[in-house]
Amino acid sequence: MTREIVNVQAGQAGNQVGESFWRMLLAEHGLDEDGHYKGTDPLQLARVGVFFNEVEHTGLPNKYVPRSVQVDLEESVCDRLRSGPLGTLFRPDTYVTGSSGAGNNWAKGFYTEGAELMDNILDLVRKQTEATDALQGFQLIHSLGGGTGAGLGSLLLSKLREEYPDRMLQTYSILPSPKVSETVVEPYNAMLSVHQLVENSDMTLCIDNEALYELTQRTLKVKQPSFEDLNNVVSQVMCGVSTSLRFPGQLNGDLRKLAMNLVPFPRLHFLIPSYAPFYDPKAKAFMRWNVKDLTNAMFDRSNLLVACDPRFGRYLTAATIFRGKVASQEAEQAVLELQRKNSAQFVEWIPDNVSVSLCSVPPVGQTQAATCLANTTAVQELFKRTLTQFAAMYKRRAFLHWYTGEGMDAMEFSEAESNTHDLIAEYQQYQEATADEDEAEYEEEQAGAEGVEYEDNVEGGDYQE
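Conventions we followed
- Note that residues are indexed from 1 along each chain, following the sequence as it is written.
- Since the coordinates come from a predicted model, pLDDT governs what is reported: local features require at least 70, and pairs of side-chain atoms require 80 or more to be given and counted, while whole-chain, interface and lining totals use all residues.
- Computation of side-chain values: all heavy atoms of the structure, hydrogens and water removed.
- Exposure classes here rest on a 1.4 Å probe applied to the protein chains alone. A residue is buried below 20% of its type maximum, exposed above 50%, and partly exposed in between.
- Runs of E in the DSSP output that reach at least two residues are strands. Runs of H or I that reach at least four are helices, and both are numbered from the N terminus.
- Two strands form a pair only when DSSP identifies at least two bridges running between them.
- Assignment of crossover handedness uses the view with strands pointing away from the viewer, where a clockwise path from the first strand over the helix to the second indicates a right-handed crossover.
- By convention in these notes, a salt bridge is any Lys or Arg side-chain nitrogen within 4 Å of a carboxyl oxygen on Asp or Glu.
- All axes are obtained by fitting lines to C-alpha atoms, using only the stretch in contact for helices, and the reported angles, taken between N-to-C directions, cover 0 to 180 degrees.
- Among buried residues, those of type Ala, Val, Leu, Ile, Met, Phe, Trp, Tyr and Cys that are joined through side-chain atoms within 4.5 Å constitute a nonpolar core.
- It only takes one pair of heavy atoms within 4.5 Å for two residues to be counted as in contact.
- Pairing of aromatic side chains here covers Phe, Tyr and the six-membered ring of Trp, requires ring centres within 6.5 Å, and sorts the geometry by plane angle: under 30 degrees stacked, over 60 edge-to-face, intermediate tilted.
- Two limits define a charge over a ring: the Lys NZ or Arg CZ must be within 6 Å of the ring centre, and within 35 degrees of the ring normal.

Draft legend 1. How the structure looks around the pairing of strand S6 (residues 134–143). The element S6 is largely enclosed, with a buried count of ten among its ten residues. Relative to S6, strand S1 (residues 3–10) is paired through seven bridges, and the arrangement is parallel. Pairing of glutamate 4 across the sheet is with leucine 135, part of S6. One ladder, built from seven bridges, connects S6 with strand S7 (residues 168–175); its direction is parallel. Looking across to S7, one finds that phenylalanine 138 is bridged to leucine 169. The handedness of the S6 to S7 crossover, carried by helix H6 (residues 148–163), is right-handed.

The following block contains the structure:
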């Protein structure tokens, strides 16, 4: 039985990344742009139902339709999707568009324009979920810098959490980059969205444009990358994450297993994705990758999809997903060796904190590939960066009238700021935590609970205040 995922893409960034993702899914499952099967491998259709609904026509080949909802507060991006090469793939009634646009204003997406569309969106999502056998969860693709992806995306997330409390909610969130800024009010929109993501999402995969630009220029050798190039990189990771749901493998891992192994504390669910191999297409003939190379590349800073340095933090947990002909012993050995060599980078109070999944079907045009999702305390760098910009603007109350004019309370900004401060402090606390001091605290608690008196010389420190 397939465990289905419903895809929701919101805003311009969400719909453009989504288009690229669906294109890659079609290639992996041997489907053409109209959703008809043209492949040769029976594995391609075995679990195609994870992302597609099968529509049967008498006398015609079956059509596979994406289980997706496309949302935007202006019509242009969805119109481009409708009239583009994938126009006949999506069901015509799965588009929900407004007419006025959110104008990069989070409050418009969350409170006014977005709230008006919410009933239509939830009806569509309900339709999609009712047609499933065993719904695994939802994935939301959006950016945090604009109005629709950030505001409407956050609102949709809280509504989904309300309506489907026991289903997984995974988001692919495009964060503002340190150097590449598209809009002036990005820090406001991003902080308000992070405030919502902390509460409502189960797993958030952080992506940012600057890291994608660097990756495509340095590694893929594209001199002037377009958004299409960047979106292809994101889609490779997205396809990698859902691989074990879509194809049989030696060691399976689904969204729930991933979250179970990756999120040690409920608020700390912001993950850094990476992928290997990335290489210049012209140099493909000279490349030979083995499992060890793939493992090292996944944890290499240049392959991350986010501009932060994991050397300045420690890994709480990580999940690796290998694709292609990979022996399980070889994969686990490579991961173990990497952990041994860099033991200072991994927290010692979660032993064996890197999980391994294996899938036998490689990506199109490659023999082996690997995806990694890391939960590292270095992710606080992203929040600190945005918080600094947010604080500078909020101190002078710049641009605030645009938000309060839509019925927002200025207190929400202060709440979002303090929530992000707390999040950064939590990451820092677990970065500095060691196994010994925690043992001491644990023993102390146990002693208090059982009324047992410990002697002063218990290992782990002196207990007398």
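Draft legend 2. Looking closely at the pattern of salt bridges. Counted according to the given criterion, the structure contains 21 salt bridges. Across the pair aspartate 93 and arginine 91 runs a salt bridge whose closest N-O atoms are separated by 2.9 Å. Given a relative accessible area of 36%, aspartate 93 falls into the partly exposed group. Salt bridges sharing common partners tie together Glu19, Arg23 and Arg80.

Draft legend 3. Expanded view of the sheet that holds S1. With mixed pairing, the ten strands of this open sheet are ordered in space as S5-S4-S1-S6-S7-S8-S9-S12-S10-S11. With partners counted over all chains shown, the strands left at the sheet margins are strand S5 (95–97) and strand S11 (354–359), one partner each. Taking each pair of neighbouring strands and ignoring which way they run, the sheet shows an average axis angle of 20 degrees. The pairing of strand S10 (residues 315–324) with strand S12 (residues 368–376) spans nine bridges and is classified as antiparallel. From the neighbouring strand, threonine 320 faces S12, where its bridge partner is cysteine 372.

Draft legend 4. Looking closely at the nonpolar core. Within the largest apolar cluster, 67 residues are counted, with the highest numbers of intra-cluster contacts made by Ile121, Phe270, Tyr403 and Phe413. Top contributing element to this core by residue count: helix H7 (residues 186–200), with seven residues. The contacts of tyrosine 403, once residues within four sequence positions are left out, are Asn104, Asn105, Trp106, Ala107, Val185, Tyr188, Asn189, Leu192, Met408 and Phe413. By size, the runner-up hydrophobic cluster in this structure holds 49 residues, among which are Phe90, Val233, Phe278 and Ile321.

Draft legend 5. Quick look at the packing of aromatic side chains. Applying the stated criterion across every chain yields a total of 25 aromatic pairs. Where tyrosine 188 meets phenylalanine 390, the ring centres are 5.4 Å apart and the plane angle is 75 degrees; that geometry is what we call edge-to-face. Highlighted residues: tyrosine 188 in helix H7 and phenylalanine 390 in helix H14 (residues 380–395), separated in sequence by 202 residues. On the basis of relative accessibility, which here comes to 0%, the residue tyrosine 188 falls in the buried class. Looking at phenylalanine 390, the relative accessible area reads 0%, which means it is buried. Here the aromatic rings of phenylalanine 299 and tyrosine 315 are separated by 5.5 Å at their centres, their planes lie at 80 degrees, and the arrangement is edge-to-face. With a gap of 16 residues between them, phenylalanine 299 in the loop between helix H12 (291–298) and S10 and tyrosine 315 in strand S10 connect regions that are remote in the sequence. Here phenylalanine 299 matches tyrosine 315 in class, with each residue buried. Here the aromatic cluster, defined as three or more aromatic residues joined through ring pairs, consists of Phe21, Trp22, Phe51, Phe52, Phe90 and Tyr95. Positioned above the aromatic ring of tyrosine 95 is the side chain of arginine 82, whose terminal nitrogen or guanidinium carbon lies 4.3 Å from the ring centre. Over the face of the ring belonging to tyrosine 394 we find arginine 397, whose NZ or CZ atom lies 4.3 Å from the ring centre.

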